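Inside the fold
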Amino acid sequence: MTGEREADTLERDFQHTVDADQRIEPRDWMPDGYRRTLVRQIAQHAHSEIIGMQPEGNWITRAPSLRRKAILLAKVQDEAGHGLYLYAATETLGAAREDLTQKLLVGKQKYSSIFNYPTLTFADVGVIGWLVDGAAICNQVPLCRTSYGPYARAMIRICKEESFHQRQGYELLMTMMGGTDEQRAMVQDAVNRWWWPSLMMFGPPDDASPNTEQSMRWRIKRHTNDELRQKFVDMTVPQAEKLGVTLPDPELRWNAERGHYDFGAPDWDEFWQVVKGNGPCNAQRVAHRNRAHEEGAWVREAAAAYAEKRARGLDRLAQQQLATGGVA
Amino acid sequence: MSVKSSWPLWEVFVRGKRGLNHVHVGSLHAPDAEMALRNARDLYTRRNEGVSIWVVPADAITASSPDEKDPFFAPSGDKVYRHPTFYAIPEDVPHL
Amino acid sequence: MSFDNAYEALVEPGTTDEAHWAFGTGFADQMTGVDRAVPSDADAGNLAAYCLMLADDALVFSQRLSEWCANSPELEEDVALANIALDLLGQARLLLARAAEVAPEVRPAAAPAHVPDEDALAYFRDERDFRNVRMVEQEIGDFAVTIARLLLFSSWRLALFQRLATSRDPVLAAVAAKGCKELAYHRDHAVQWTLRLGDGTDYSHERMRAGLARVWPFQPELFTPTPVELRLAEQGIAVDPADVRSEVDNVVDTVFGAAGLERPQLPELSPVAGHAGRDGIHTELMGYLLAEMQHLARSHPQAVW
């Protein structure tokens, strides 16, 4: 049993490491709350990547040029990869991917609510790259310095790939804005639908976000929701101007005194409705994931059975080699 | 039948190019070593082929102290559209 | 370290050797420097038709494989199948461009001038002008059907490409040489899964057997040469697919033996009045595949993407 004084020392050493901006590594001692918070946050992030494959994957078979098809397929594939890097980070905390997957499938763990909105036109692919991935980058770049080592390293790799995603989105929108009137209308329509959900991606306002303070002390989180939201707006407005689209917020204007853009409040009622599962696609997304998982069960079982046979030399290939005197 | 449908965890090490050591890059699930190698190739060398890959069952690793400095491997380039510079964006678009 | 620059972590002391971070570094276009001259004795129309056959096989199969994205049995497999689909899409793009380069008249009249050749051919040709074998247009099916089809297709295409790598058309030779590495990987992937499904559980064995039965009737078409292939093969430009039959049989029989599977005893799917995929006579599924793939591009012909 660890004595009380020893526990105090461990906690002090831990906080000391964090305060010195050093990374916590998997076998270091860490407070249970730190571990729980990380597992929940990283798992939610991983689930978001996996569920996020669906709205964009929706357009792979219909992409209007072969170049766009290749880009989109590579992008959605990257998202599977990001999910896998993040699940790998949770494994270092003792959380098994299978358990996390189960929690996603039964709705016990969340994913980013943005993916509960539908992708209705090909412009949505561009706007997701520009706004949704852009917001994700704002959220994630500080996480490259988060206090937990495996998470920080996963985020470094993910941020580099996300930067490709954001650029491809913006480039697609620029190309479409240079096309026909219908295409320009398509882009504006997509911006109108995705702007507010993108702002919601940063989470509720700071005064309604109870966990932020502790997460910041542990340096899991390094900026508050409202700080990141402001940063995103400040970055995005000039990009929208360049693109020639209007952001659907009548309150949006430059505030010289603050040195930031003022902007309106998202519809937080809608946000909570979607979080609670009543968004346009919640049921569809989770059902899709469940179906893929269930339909794949026999394949995973077959591979596991084969591995077991093979480990014991009972697979047909080994038997064959034995029979023919070959080297097993 | 007692076979579980979840696959064991493998730790992945990649030699990014000749002259470098194998470096731990992360983990993945696979039913056996052969599939683990193939999955590792797809997942961790998507942007550029590493020279060589090792996979090790995660439970076969014995660790000493927690003092480890394994940098998470960052990826690399076989499909040019995976790289941000592939997308021509005018220089005056900020923050992209 | 600043707030908004992920790349700074790269040069943070003690993280890693910068050379290790291959991201963003060199991308060698394997087609640069390839001689694009058409062999003087080759008929341009024949060569273009041949390129379209090889291109359409890859394009249509890639379209089907991409349907697995976010649907496969495990995330790792989503990544693997997407890689294979991307490789095939890459092969298709090079071959479509070559077809239009050697015989510009293959470009469909319906395609507006600003549309690149590869897209004109992919999006504005009608079903009858697609030259792919019928196997690749079949519905995605379950994982066993996909693996069975990938095994037959990649074994066949790899055998073709290994011979095509010495084609007298320098572009075909270059595309084939590049494709061999990819196809060897695709075949390997299919072999690994055939072993696991065939020799895994009783249930997976039965599913794999059924998967093979689904694709088997389409297999003889792979080895049936068209007059265009025969003419070009004689000139050392194309490969007569009948020539790779024994090699592919050998691969398949070896894998079946190790996986405990048997060659299905099923007859060939009949052509229509002697015509099949290579002649533009497809199965009913092809129309739906093209409707989905082409509808957006065709709804906005003047658009730029």
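Use the structure listed above.
Think of each chain on its own: its residues are numbered from 1, step by step along the sequence as written. A letter from A marks each chain and a number from 1 marks each ligand, given out in the order of writing. The predicted nature of this model means local features are confined to residues of pLDDT at least 70 and side-chain atom pairs, given and counted, to a pLDDT of 80 or more, with totals for whole chains, interfaces and linings taken over all residues. Hydrogens are left out, water is left out, and the side-chain values use all remaining heavy atoms of the structure.

With respect to the interface of chain A and chain C
- Residue contacts are counted whenever heavy atoms from the two residues lie within 4.5 Å of one another. With 61 residues of chain A at the contact, the number on the chain C side is 62 residues.
- Summed over both sides, the interface between chain A and chain C buries roughly 5,500 Å², with carbon and sulfur atoms accounting for 68% of that surface.
- When two parts are brought into contact, each loses some accessible area as probed by a 1.4 Å sphere; the total of that loss over both is the buried area. A per-residue breakdown of the area chain A buries against chain C is headed by Leu66, Lys160 and Trp298 of chain A, which together make up 16% of the total.
- A pair is scored as a salt bridge if a Lys or Arg side-chain nitrogen falls within 4 Å of a carboxyl oxygen belonging to Asp or Glu. Inspection of the chain A/chain C interface yields three salt bridges.
- When contributions to the side of chain A that touches chain C are tallied by element, the ones reaching two or more residues are helix 2 (32-57), helix 3 (66-91), helix 6 (149-177), helix 7 (181-200), helix 9 (225-243), helix 11 (282-295), helix 12 (297-311) and helix 13 (316-323) of chain A.
- Numbered from the N terminus, helices here are DSSP runs of H or I no shorter than four residues, and strands are runs of E no shorter than two. Looking at the side of chain A that touches chain C, the element that brings in the most residues is helix 3 of chain A, giving 13 residues.
- Its residues placed into classes, the side of chain A that touches chain C shows 31 nonpolar, 14 polar and 16 charged. Polarity classes work like this: nonpolar for Ala, Val, Leu, Ile, Met, Phe, Trp, Tyr, Cys and Pro, charged for Asp, Glu, Lys and Arg, and polar for all others, with Gly in that last group.

Quick look at the side chain of Arg157 of chain A
- Following the sequence through the fold, Arg157 of chain A ends up in helix 6.
- Within polar-contact distance, the side chain of Arg157 of chain A engages the side chain of Tyr85 of chain A at 2.8 Å.
- Polar side-chain contacts of Arg157 of chain A include one of 3.4 Å to the backbone oxygen of Leu43 of chain B. Nitrogen and oxygen atoms within 3.5 Å of one another constitute a polar contact, given that in protein one can donate a hydrogen and the other can accept it, and given that sequence-neighbouring residues count only through two side-chain atoms.

Brief notes about empty space enclosed by the protein
- Each cavity reported here is a set of points on a 1 Å grid over the protein atoms alone in which a 1.4 Å probe fits but cannot get out, each pocket an open set with protein on both sides within 12 Å along at least five of seven lines, and each lining residue one with an atom within 4 Å of a point. Grid points are joined across faces, edges and corners, and a volume is the space filled by probe spheres set on the points. Estimates place the volume of the second largest cavity at around 30 Å³.
- What lines the second largest cavity is Trp7, Met35 and Asn39 of chain B together with Glu74, Glu76, Glu77 and Trp193 of chain C.
- At the level of secondary structure, the elements contributing two or more residues to the lining of the second largest cavity comprise helix 1 (33-44) of chain B together with helix 2 (75-102) of chain C.

A short note on the environment of Gly280 of chain C
- Mapping Gly280 of chain C onto the fold places it in the loop between helix 9 (245-259) and helix 10 (284-299).
- Taking the C-alpha atoms as reference, Gly280 of chain C lies 9.4 Å from Arg134 of chain C; in sequence the two are 146 residues apart.

Points about the packing of aromatic side chains
- Only the six-membered ring of Trp is used, alongside the rings of Phe and Tyr, when aromatic pairs are assigned; centres must lie within 6.5 Å, and planes under 30 degrees apart are stacked while those over 60 apart are edge-to-face, with the rest tilted. Under the criterion given, the structure shown has 21 aromatic pairs over all chains.
- On the numbers, 6.4 Å between centres and 50° between planes, the contact of Phe13 of chain B with Trp54 of chain B is tilted. Here Phe13 of chain B is found in strand 1 (residues 9-15), whereas its partner Trp54 of chain B is found in strand 3 (residues 52-57), with 41 residues between them in sequence.
- The structure contains a cluster of three or more aromatic residues connected by ring pairs, namely Phe14, Trp29, Tyr34 and Trp218 of chain A.
- In this scheme, Lys NZ or Arg CZ marks a charge over a ring once it lies within 6 Å of the ring centre and within 35 degrees of the ring normal. Above the face of the Trp59 of chain A ring, Arg62 of chain A is positioned so that its terminal group lies 3.7 Å from the ring centre.

Things to note about unusual backbone geometry
- For Asp21 of chain A, which is not glycine, the phi torsion reads 65° and is therefore positive.
- Structurally, the position occupied by Asp21 of chain A is in the loop between helix 1 (4-19) and helix 2.

Here we look at the pairing of strand 1 of chain B
Residues and elements named next belong to chain B.
- The buried label applies to any residue whose accessible area, calculated with a 1.4 Å probe on protein chains only, is under 20% of its type's maximum; exposed applies above 50%, and partly exposed to all values in between. Within strand 1, six of the seven residues are buried, leaving the element largely enclosed by the surrounding structure.
- In short, DSSP must find at least two bridges between two strands for them to pair. By the bridge criterion, six bridges tie strand 1 to strand 2 (residues 23-29) in an arrangement that is antiparallel. Its bridge partner lying in strand 2, Leu9 is registered against His29.
- As defined by bridge partners, strand 1 adjoins strand 3 across six bridges and the pair is classed as antiparallel.

Looking at helix 6 (residues 202-215) of chain C
- In this model, helix 6 of chain C (14 residues) spans 21 Å end to end at C-alpha, consistent with the 20 Å of a helix rising 1.5 Å per residue.
- Residues of helix 6 of chain C that are buried: Ser204, Met208, Gly211, Leu212 and Val215 of chain C. For helix 6 of chain C, the buried positions fall inside an angular range of 95° around the axis, keeping them on one side.
- Turning to helix 6 of chain C, the residues buried within the fold contact helix 12 of chain A together with helix 4 (143-164), helix 5 (170-198), helix 7 (219-222) and helix 9 of chain C. Here the expected length of a helix is defined as 1.5 Å per residue gap, with one fewer gap than residues. Note: the arc covers the axis-to-C-beta directions of the helix.

Looking at the sheet that holds strand 2 of chain B
Residue and element names in this part refer to chain B.
- The three strands are arranged 2-1-3 in an open sheet whose pairing can be described as antiparallel. If you trace the sheet from one side to the other, it starts and ends with strand 2 and strand 3, each paired once. With direction set aside, neighbouring strand axes in the sheet form an average angle of 30°.
- Axes, fitted as lines to C-alpha atoms, cover a helix only where it is in contact. Angles between the N-to-C directions of the axes lie from 0 to 180 degrees. Seen against the sheet, helix 1 touches strand 1, strand 2 and strand 3 and runs at an angle of roughly 115° to strand 2.

A short note on the state of the cysteines
- Note on disulfides: each one is a pair of cysteine sulfur atoms within 2.5 Å. Under the counting rule described, the total for this entry stands at zero disulfides over all chains.
- Cys159 of chain A provides the cysteine sulfur closest to Cys138 of chain A, a residue in no disulfide bond, and the two sulfurs are 10 Å apart.
- Classification of Cys138 of chain A by relative accessible area gives buried; the value is 4%.
- Free of any disulfide, Cys69 of chain C has its nearest cysteine sulfur in Cys281 of chain A, 17 Å distant.

Things to note about the nonpolar core
- By nonpolar core is meant a set of buried Ala, Val, Leu, Ile, Met, Phe, Trp, Tyr and Cys residues that side-chain atoms within 4.5 Å join together. Membership of the largest hydrophobic core comes to 215 residues, with the highest contact counts inside it found for Trp130 of chain A together with Tyr50 and Leu197 of chain C.
- For Leu197 of chain C, the residues in contact, after removing those within four places along its chain, are Trp298, Val299 and Ala302 of chain A together with Phe143, Ala144, Ile147, Ser204, His205 and Met208 of chain C.

Quick word on the packing of helix 1 (residues 44-65) of chain C against helix 10 of chain C
All names here are of chain C.
- Close contact between helix 1 and helix 10 brings their axes to 11 Å; oriented N to C, the two are set at 75°. One finds that helix 1 runs roughly perpendicular with respect to helix 10. Of the residues in helix 10, those touching helix 1 at Leu59, Val60, Gln63 and Arg64 are Leu285, Met286, Leu289 and Met293.
- Of the residues belonging to the contact of helix 1 with helix 10, the class tally is six nonpolar, one polar and one charged. Orientation is classified from the angle alone, with under 35 degrees giving roughly parallel, over 145 giving roughly antiparallel, 65 to 115 giving roughly perpendicular, and any other angle giving oblique.

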